[in-house]
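If you want the building blocks of each chain, they are given just below.
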Amino acid sequence: MIIDVHGHYTTAPAALGAWRDLQIAGLKDPTQAPKASDLKISDDELRESIETNQLKKMKERGSDLTIFSPRASFMAHHIGDFQTSATWAAICNELCARVAELFPEHFVGAAMLPQSPGVDPASCIPELEKCVKDYGFVGINLNPDPSGGHWTSPPLTDRHWYPLYEKMVELDIPAMVHVSTSCNACFHTTGAHYLNADTTAFMQCLTGDLFKDFPTLKFLIPHGGGAVPYHWGRFRGLAQELKKPLLDEHLLNNIFFDTCVYHQPGIDLLTKVIPVKNVLFASEMIGAVRGIDPETGHYFDDTKRYIAATPHLNDEERHLVYEGNARRVFSRLDARLKAQGR
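These numbers were taken from a predicted model, which means no experiment stands behind them.

Would you mind going over the packing of helix α14 (residues 315-329) against helix α15 (residues 331-339) with me for this structure?
How two helices pack is summed up by the angle between their axes together with the distance between the axes. Viewed as axis vectors pointing N to C, α14 and α15 meet at an angle of 110°, and their least axial separation amounts to 5 Å. The orientation of α14 relative to α15 falls into the category roughly perpendicular. Contacts from Ala-326, Arg-327, Arg-328 and Val-329 in α14 reach Ser-331, Leu-333, Asp-334, Leu-337 and Lys-338 in α15. Of the residues assigned to the contact of α14 with α15, the class counts are four nonpolar, one polar and four charged.

Okay, structure coming up:
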């Protein structure tokens, strides 16, 4: 199988965005605030939004299954308060659950959390449990910066986050560490903030000892790990100066990277530097980079081509990247697939 571990519902029907606009307007004028029940999206609208977009491209490019979560830039945890995020997360997660129910062979959900700046992450646990236990979701997206580019939260190694980690370990679900929209003009959302956050999350884990407290906790750092593979020598050297164990032992039993890297040299570097067991196939297609590369004539986000072409993987290793590692990291996905006879 070809399992894409990084997909977002970027093509949701326009009614979702219109509802969100009203919710935001309602923060200033409560008479504008909509009820969750005001959002009406039919199954036919969901089917059309998927069949003409993600599913069409999956079939064209040869991928079988996508781990599907709400649109990352729409999470916008910095807007409103916890109740704002709780209502918005519940709506977005339900839509992804409906997509997975309509297309059970091709999509499985991962949850957006109702995070809010300054709010205890334990407040996210009810939504997390609902998504895993009721919807059958196999993972979550964890935003290390709910402030939207101002980084007001403690590092991921801080005990601030421990209630959430305890629940993740109990349910055996990994977290993709994924920020949302930047409201800081210094950081473009997808070109800077996302990649900064990937690199920052890795460095936070390097400087701490989080995985001594949670030896089975699993983080997936997207977008190829930001700057991490490119500066692997820097991180190895910093770990040495900080008297940390070798990175293989210190972090690589718990941290994994996806292949949302949009050119061949980048994938070649990733697969040469990072151990194969830590690389999971992903494309984030119909996401940040949607155009066609004039140098190749193919879509930038058609990452399967890069995995197939890299000289640093043999057939057995490609199988691990395409399927084996995803089934190991997302244990609930593996159980779901086995139940389907796959």
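Further notes follow.
Just to check I follow, could you spell out the packing of aromatic side chains for this structure?
Between two aromatic rings, the relevant description is the distance of the centres plus the angle of the planes. All chains considered together, the criterion is met by 15 aromatic pairs. Judged by centre distance (6.1 Å) and plane angle (70°), the ring pair of Phe-103 and Phe-107 falls under edge-to-face. Each member of the pair, Phe-103 together with Phe-107, is buried. An aromatic cluster is present here, built from Tyr-162, Tyr-165, Phe-211, Phe-214 and Phe-219 joined pairwise through their rings. Sitting over the ring of Tyr-299, Lys-57 keeps its end group 5.2 Å from the ring centre.

Whenever I open this one, the pairing of strand β4 (residues 139-142) confuses me. Can you help?
Successive side chains on a regular strand alternate, one facing one side of the sheet and the next facing the other. Neither face of β4 is open: one carries Gly-139 and Asn-141, the other Ile-140 and Leu-142, and all of them are buried. Bridging between strand β3 (residues 107-112) and β4 involves three bridges; their strand directions are parallel. Of the residues in β4, the one forming a bridge with Ala-110 is Gly-139. With helix α6 (residues 125-133) bridging β3 and its parallel neighbour β4, the resulting β-α-β unit is right-handed. With three bridges joining them, β4 and strand β5 (residues 175-177) adopt parallel strand pairing.

Explanation requested: the pairing of β3 in the structure shown.
In terms of residue burial, β3 counts as a mostly covered element, since six of its six residues are buried. Alignment of strand β2 (residues 65-70) against β3, held across three bridges, turns out to be parallel. Residue pairing for β3: Ile-67 is matched across the bridge by Val-108.

Whenever I open this one, the nonpolar core confuses me. Can you help?
One broad rule of soluble globular proteins: the nonpolar side chains tend to lie buried together. In terms of nonpolar packing, the biggest core is built from 81 residues, with Tyr-165, Phe-202 and Phe-219 touching the most fellow members. It is helix α5 (residues 82-102) that contributes the most residues to this core, eight residues altogether. Aside from chain neighbours lying at most four places away, what touches Phe-202 is Ile-221, Val-228, Trp-232, Phe-235, Leu-247, Leu-251, Ile-255 and Phe-257. Within the second largest apolar cluster, 19 residues are counted, among which are Met-176, Leu-220, Ala-326 and Val-329.

Please explain the pattern of salt bridges as it appears in this structure.
Any two side chains of opposite charge can pair if their charged atoms end up close together. Overall, the coordinates contain 16 salt bridges when judged by the stated rule. Residue Lys-212 pairs with Asp-209 through a salt bridge whose shortest N-O separation is 4.0 Å. The exposure class assigned to Lys-212 is exposed, which follows from its relative accessible area of 66%. Between Asp-334 and Arg-327 there is a salt bridge, with its nearest N and O atoms 2.6 Å apart. Arg-327 carries the same exposure label as Asp-334, and that label is buried.

Can you walk me through the layout of surface pockets in this structure?
Any space left empty among the atoms is revealed by the rolling of a water-sized probe across them. One number sums up the size of the largest pocket: a volume of about 400 Å³. Elements represented by at least two residues in the lining of the largest pocket include exactly α8 (189-207) and α12 (264-273). Element by element, the count of residues in the lining of the largest pocket is highest for α8, at four residues. In terms of residue class, the lining of the largest pocket is built from twelve nonpolar, seven polar and one charged. Volume-wise, the second largest pocket comes out at about 200 Å³. In terms of lining, the second largest pocket is formed by Trp-232, Arg-236, Ala-239, Gln-240, Lys-244, Pro-245, Leu-246, Leu-247 and Asp-248. Broken down by secondary-structure element, the contributors of at least two residues to the lining of the second largest pocket are α10 (232-241) and α11 (247-250). Ranked by the residues each element gives to the lining of the second largest pocket, the list is headed by α10, at four residues. Its residues placed into classes, the lining of the second largest pocket shows five nonpolar, one polar and three charged.

What counts and how
In every chain, residue numbers begin from 1 and rise along the written sequence. For this predicted model, a pLDDT threshold of at least 70 governs which residues receive local features, and a threshold of 80 or more governs which side-chain atom pairs are given and counted, while totals over whole chains, interfaces and linings are taken from all residues. Working from all heavy atoms in the structure, the side-chain values ignore hydrogens and water. Helix axes use the C-alpha atoms of the stretch in contact, all axes being lines fitted to C-alpha atoms, and the angles between their N-to-C directions lie in the range 0 to 180 degrees. For the purposes of this entry, the term helix denotes a DSSP run of H or I that reaches at least four residues, the term strand denotes a run of E that reaches at least two, and both are numbered from the N terminus. In this scheme, roughly parallel covers angles under 35 degrees and roughly antiparallel covers those over 145, while 65 to 115 is roughly perpendicular and the rest are oblique. We call two residues contacting when some pair of their heavy atoms lies within 4.5 Å. Three residue categories are used. Nonpolar comprises Ala, Val, Leu, Ile, Met, Phe, Trp, Tyr, Cys and Pro, charged comprises Asp, Glu, Lys and Arg, and polar comprises the others, including Gly. We call Phe, Tyr and Trp rings a pair once their centres come within 6.5 Å, taking the six-membered ring for Trp, and we label the pair stacked below 30 degrees between planes, edge-to-face above 60, and tilted otherwise. The cut-offs for exposure are 20% and 50% of the maximum accessible area for each residue type, with area from a 1.4 Å probe on protein chains only; residues under the lower value are buried, those over the upper are exposed, and the others partly exposed. Whether a charge sits over a ring comes down to the Lys NZ or Arg CZ being within 6 Å of the ring centre and within 35 degrees of the ring normal. When DSSP finds at least two bridges between two strands, those strands are taken to pair. Here is how to tell: hold the view so the strands point away, follow the path from the first strand over the helix to the second, and if it runs clockwise the crossover is right-handed. The term nonpolar core refers to a set of buried residues drawn from Ala, Val, Leu, Ile, Met, Phe, Trp, Tyr and Cys, joined through side-chain atoms within 4.5 Å. What makes a salt bridge here is a side-chain nitrogen of Lys or Arg within 4 Å of a carboxyl oxygen of Asp or Glu, nothing more. Method remark: on a 1 Å grid restricted to protein atoms, a set of points is classed as a cavity if a 1.4 Å probe fits but cannot get out and as a pocket if it is open with protein on both sides within 12 Å along at least five of seven lines; lining residues have an atom within 4 Å of a point. Grid points are joined across faces, edges and corners, and a volume is the space filled by probe spheres set on the points.

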